[in-house]
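Structural characterization, general
The primary structure of each chain is shown beneath.
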Amino acid sequence: MQKEIVVSGIRSTGFLHLGNYFGAMRNYVRMQEDYECYFFVADYHSLTTHPDPKDLRNNVYRVLAENIACGLDHTKVALYAQSDVPEIPELYLMMNMLAYKGELEKVPTFKEKVRQHPDNVNAGLLTYPVLMAADILVHRAVKVPVGKDQEQHLEMARNFAQRFNHRYQVELFPEPHAFNFGAGGAKIMSLDGNGKMSKSENANATIYLNDDDDTIRKKIMKAKTDSGPEAPGSEMPDYIANLFQLMQLVSREDVYNDFLGHFNNCTIRYGDFKKQLAEDMVQFINPIRTKALELTNDPARLQKILREGAQKARESASRTLTEARKAIGLHYY
Ligand code: TRP
């Protein structure tokens, strides 16, 4: 049976942290066996903020290396840079003719950017959802693993797909839907107890996949705790529950159960608890960091992966564009 097609874009800005790992990447890794996956670094999208060319290039290499280090296997999925697939901007141009200024201006993420950066409201920012739709529709994907913040963009992709099909009387584009991981997509809170780790503005409360061993230890030892529960069966405060969640994700089950027992009977010592969590976290992140570093130090290898990925992606994308051109009437010989 034909596998379902999955597309997801990886932002090339910012450093990957535990929130990204347990919220998204771990699920990409699980999906690569059961779906036909297209995962790409969204370098065109990053141009909305005019990054320095050297930074852009290094960020793309780094984010690619980190994703591979976390388990993405380029022999199982198409792993590529968006800008290496010219069919994407071509479909984006076609879809722009079906996207209305009014609907684009209403998108919450656009309005938020306008509020934050009123001096850089460029057309690329306005049409960001059209480019994202092209990313997805170019492979005729049906599943898109994204977070809640991207649901609106996905709804627009469905609209553009329908509009195209309807205008040109074809059934070229299926409707893409968000892929929800359910319990698989864990939310990781910031170590200071303020909000999600992904939204954290406090680098000391976020564990990055490139943090060295001592930095990881320091951050965990500084995580917010209190004097401990006073009566058996006390409710666990959020910031403690978060540390237990992390322990469940990176420590052995018996270790986790042991500390949970100590919490429940009020004999927990948070110093010991955090020391154990810190060591297990170091064991967890160290191999990822080492692998990512090995890859970033070997650009030839990353370039080869990117080239192969682009080739795979273009095979699928060019089939779609042939159909799209035909539907529109853009075919002359
Ligand atoms: N907009 C997504 C984000 O900010 C990244 C992205 C770009 C994407 N194109 C995509 C995600 C296509 C899924 C599919 O995270």
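Below, the structure is looked at part by part. Throughout, residues of each chain are indexed from 1 in the direction in which the sequence is written. With the structure being a predicted model, the display of local features is reserved for residues of pLDDT at least 70 and the display and counting of side-chain atom pairs for 80 or more, all residues being used for whole-chain, interface and lining totals. The side-chain values count all of the structure's non-hydrogen atoms but skip hydrogen atoms and water molecules.

Right, let's get into the side chain of Gln-32. Mapped onto the elements, Gln-32 comes out in helix α1 (residues 18–34). Between two residues, a contact is recorded if the distance between any of their heavy atoms is within 4.5 Å. Apart from the residues within four sequence positions on either side, Gln-32 is in contact with Cys-37, Gly-71, Leu-72, Asp-73, Lys-76 and Val-77. Secondary structure elements are defined from DSSP: runs of H or I of at least 4 residues count as helices, runs of E of at least 2 residues count as strands, and each element is numbered from the N terminus.

The next subject is helix α12 (residues 253–264). Three- or four-residue spacings in an α-helix give side chains the same orientation, since the helix completes a turn every 3.6 residues. Here α12 contains twelve residues, and its C-alpha end-to-end distance of 16 Å stays within 8% of the 16 Å for a straight helix at 1.5 Å per residue. Burial classification: accessible surface area is computed with a 1.4 Å probe over protein chains only, and a residue below 20% of its type maximum counts as buried, one above 50% as exposed, and the rest as partly exposed. Residues of α12 that are buried include every one of Val-255, Tyr-256, Phe-259 and Phe-263, and no others. Buried residues of α12 fall within an arc of 100 degrees about the axis and therefore sit on the same side. Residues of α12 that are buried make contact with α11 (238–250) and α13 (270–296). Phi turns positive one or two residues past the end of α12, at Cys-266, with a value near 65 degrees. To estimate the expected span of a helix, count its residues, drop one, and scale the result by 1.5 Å. Regarding the arc, it is the one traced by the directions from the helix axis to the C-beta atoms.

The next thing to look at is the side chain of Glu-66. If you trace the backbone, Glu-66 turns up in helix α3 (residues 53–69). By relative accessible area, which is 5% here, Glu-66 ends up buried.

Looking now at the packing of aromatic side chains. Ring pairs shown here join Phe, Tyr and Trp side chains whose ring centres sit within 6.5 Å, with only the six-membered ring taken for Trp; geometry is labelled stacked below 30 degrees between planes, edge-to-face above 60, and tilted in between. One pass over the structure, following the stated rule, counts 13 aromatic pairs. Consider the rings of Tyr-21 and Phe-22, whose centres lie 4.9 Å apart with planes at 85 degrees: the pair is edge-to-face. With a relative accessible area of 11%, Tyr-21 lands in the buried category. We classify Phe-22 as buried; its relative accessible area is 2%. Centroid distance Phe-259 to Phe-273: 5.4 Å. Interplanar angle 55 degrees. Geometry classified as tilted. You can see Phe-259 sitting in helix α12 and its partner Phe-273 sitting in helix α13, a full 14 residues away along the chain. Taken individually, Phe-259 and Phe-273 each receive the classification buried, so the pair is uniform in this respect. Of the aromatic side chains, those joined through ring pairs into one cluster are Phe-244, Tyr-256, Phe-259, Phe-263, Tyr-270 and Phe-273. In this structure, Lys-224 is placed above the aromatic ring of Tyr-239, and the distance from its NZ or CZ to the ring centre is 4.5 Å. Distance and angle both matter: a charge sits over a ring if NZ of Lys or CZ of Arg is within 6 Å of the ring centre and within 35 degrees of the ring normal.

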